[in-house]
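Residue-level listing of the chains:
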Amino acid sequence: MSKSKISVSRVVELGGREATVLENTNLRVMIDDIGGMIPECSGRRDGDWINAHWMPWFRSNGGKPYSDAEHGSFWKASLLYHIAGSFPCVPNFGPGHILNGVTMPPHGWTANQTWRYVTSASDEATGAAWTLSVMESPDEAFPLSFSRIDVLLPEQAVHYTSLKVKNRGTANLDICAAWHNVLGAPFLHQGCRISGAAQRWMTPPPGGEFDTTTRLALGAEFPSLAKAPLLRGGKVDISQVSAPTGYTDFAAGAIPRSASLSWFAAINPFLKMVYLSFSPGPALAGEDDIVLYFNNLWMQYGGRPFTPWAPYEGGPDLTYCLGLENSVSAYAYGLEFARETGSLMGNPVTVTIPAMGHKTLRSGVLYAPYLGTSLDEGIGIVHGEESRIICSGREMSFFNADPLFKVLKKLESHHV
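To keep things clear, this report deals only with the structure shown in the data block.

**Re the overall build of the protein**
Part 1: On a plain count of helices and strands, the protein comes out with four helices and 32 strands.
Part 2: For 416 residues, the compact-globule formula gives about 22 Å, and the C-alpha radius of gyration of the protein, at 20 Å, lands near that figure.
Part 3: Each of the 416 residues in the protein was classed as buried or not, and the buried ones make up 59%.
Part 4: Accessible surface computed for the protein: about 15600 Å², of which carbon and sulfur atoms make up 53%.
Part 5: Across the protein, the 32 positively charged side chains and the 38 negatively charged ones have centroids separated by 3 Å.

As C-alpha cells, then:
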C-alpha cells in the first residue's frame, strides 16, 4: 500500500444527518451522529471506491426527525428510520422491551440516541486521524455513560473503534454489547464466502422474530456453517451467500475460549476483497475488555413481507443484506432474555460493568483487496501479530494492522 494522506472532516450527508468522515488512501468511513451508524465503509479496488456497507432502500432521507405518530406505521421504530451499515448495540442487543422499569430500545441507546460530537484531529506521533463522541443514558435508573473513539491509521485499510462503557451507579450492571455489521451491494453478491472464529453454531429457539421467516430449523445446534439444518429436513451450506431465498434466518456461533481474536469475515471472490471484523478474543482479553463471545449471522435474503422491509403490508420483501454481527448476547433476543439465559454453548451472554467502573469494547474492521485466489474459498485461521493480520485460506494473505490495539489504547489514555 502506498503512503497515504490521512484526513478527518465533518459533513452533512443525505437526509440532513451530521457525520464525520475519516479517510486515507486505502479506506474511507462515514460515521453518523445519529445512532453511530456507519453507512459507508469504502475500500479501494483498482483505484475505485467500493462500499461494503448496507444502505437500506427504505432509509428515510427526508430530513425530518422521527415521529412515531407520523412515521411509526411504516418504519415501526426510530432505529429502522435511520439504520445503515454498522452500528454499536449497548446495553441491549435485540428487540425493545422494559427491564425493571427501564425502557430498552431495540439494539440499545447507542444505536438510537444521537452521539454528541466532541472533537477530531490528526495525531502527529502516530499519524492517526481520529474523532471522539460521547453519549449518556437517558434513564438514570440505568446510569451508563459512553465514549467512542474512531480511528484510521496510515498505511492500513482498517477502521478502529474504542467504545468505553462507564457505570456511574453504585450497583453492578449486567449488559449486552454488540457490533451490528451489515453488508450490502455493491460488495455483497451471491457466491461470497462467510468465515468466522466460531466452532459451534445454534439457531435461536422458537418465540422470536424469526419464527415466521426461517428456512432453518429453530433451536438446533450444528458444528459448522456448511451443515446448517433445514426446517423441513436436510442441510444447507450457509457459508456461501445465496441469491434471495424468500427467507430471513439467524444463527449464533460460539467463539472458543482459546481464541486470541474474535473475528468474522466475508470474502467477495469476484472483487477479490475481504471484509473482516476483529476484537480481542477470550484468551488474550484484558480485565477491562468487553469480549464478544459470539459470531451472529443474519441472513436477510427476503422473508419479511411487512414494512419497512416491504413497501406495504403483505408486499414483497425488497431487502437483501447480510449481517456479520459480533456480540456478547443470547442470540439477538434482548438483555432481559440474556440475563435469564446466563450462558450459551458454554460462553457468557452478558458482561458486568462494575459500579463506578468501566469496560471497553475495542474492535477493528479490515476491508481490503487480496492477491490472486488466496482467500477465494474463505478463511480458516486469522492470526494477529505486532503490526499485521494474517489470514489463512488457500494461501496466506498479509495485511498491515494493529490487532493489539496499541494506538487505540494510547488515544484512549489521552482523550477519554
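**A few points about the nonpolar core**
Where a protein is soluble and globular, its nonpolar side chains tend to be buried together.
Part 1: Among the nonpolar cores identified, the biggest contains 127 residues, and Leu276, Phe278, Leu297 and Ile379 are the most heavily contacted of them.
Part 2: No other element matches the six residues that strand 22 (residues 261-268) contributes to this core.
Part 3: With residues up to four places along the chain from it excluded, the contact list for Leu276 reads Trp263, Phe264, Ala265, Gly364, Val365, Leu366, Ile379, Val382 and Cys391.

**Topic: the state of the cysteines**
Part 1: Scanning the entire structure with this criterion turns up zero disulfides.
Part 2: Among the cysteines around Cys192, which has no disulfide bond, Cys321 carries the closest sulfur, lying 13 Å off.

**Examining the sheet that holds strand 30 (residues 381-384)**
Strand pairing in a sheet takes place through backbone hydrogen bonds and is either antiparallel or parallel in direction.
Part 1: Pairing is antiparallel in the open sheet, where three strands are placed in the order 30-31-32. Edge strands, defined here as strands with exactly one partner in the open sheet, are strand 30 and strand 32 (396-400). Taking each pair of neighbouring strands and ignoring which way they run, the sheet shows an average axis angle of 20°.
Part 2: Here strand 30 runs beside strand 31 (residues 388-392); their pairing, made up of four bridges, is antiparallel. What sits directly across from His383, in strand 31, is Ile390.

**Let's talk about the environment of Pro206**
Part 1: Mapped onto the elements of the fold, Pro206 is located in the loop between strand 17 (200-202) and strand 18 (221-222).
Part 2: For Pro206 and Leu218, which are 12 residues apart along the polypeptide, the C-alpha to C-alpha distance reads 6.1 Å.
Part 3: Not counting chain neighbours up to four residues away, the residues in contact with Pro206 comprise Asp211, Leu218 and Tyr333.

What counts as what
- Residue numbering note: each chain is counted from 1, following its sequence as written.
- The predicted nature of this model means local features are confined to residues of pLDDT at least 70 and side-chain atom pairs, given and counted, to a pLDDT of 80 or more, with totals for whole chains, interfaces and linings taken over all residues.
- The side-chain values count all of the structure's non-hydrogen atoms but skip hydrogen atoms and water molecules.
- Under the DSSP-based scheme used, a helix requires at least four consecutive residues in state H or I and a strand at least two consecutive residues in state E, with every element numbered from the N terminus.
- Radius of gyration here uses only the C-alpha atoms, and the compact-globule reference equals 2.2 Å multiplied by the residue count raised to the power 0.38.
- When accessible area is computed with a 1.4 Å probe and restricted to protein chains, residues below 20% of their type maximum are described as buried, those above 50% as exposed, and intermediate ones as partly exposed.
- Exposure was quantified through the Shrake-Rupley algorithm and a 1.4 Å probe, taking into account, for residues, occlusion by the shown protein chains and nothing else.
- Neither His nor the chain ends is counted toward charge; the positive residues are Lys and Arg and the negative residues Asp and Glu.
- A single reference atom marks each charge: NZ on Lys, CZ on Arg, CG on Asp, CD on Glu.
- Joining through side-chain atoms within 4.5 Å is the link that ties buried Ala, Val, Leu, Ile, Met, Phe, Trp, Tyr and Cys residues into a set, and such a set is a nonpolar core.
- Here a residue-residue contact requires only that any non-hydrogen atoms of the pair lie within 4.5 Å.
- Criterion for a disulfide: a pair of cysteine sulfur atoms at a distance within 2.5 Å.
- For two strands to count as paired, DSSP must find a minimum of two bridges between them.
- The axes used here are C-alpha line fits, helices contributing only the stretch in contact, and every angle between their N-to-C directions lies in the interval 0 to 180 degrees.

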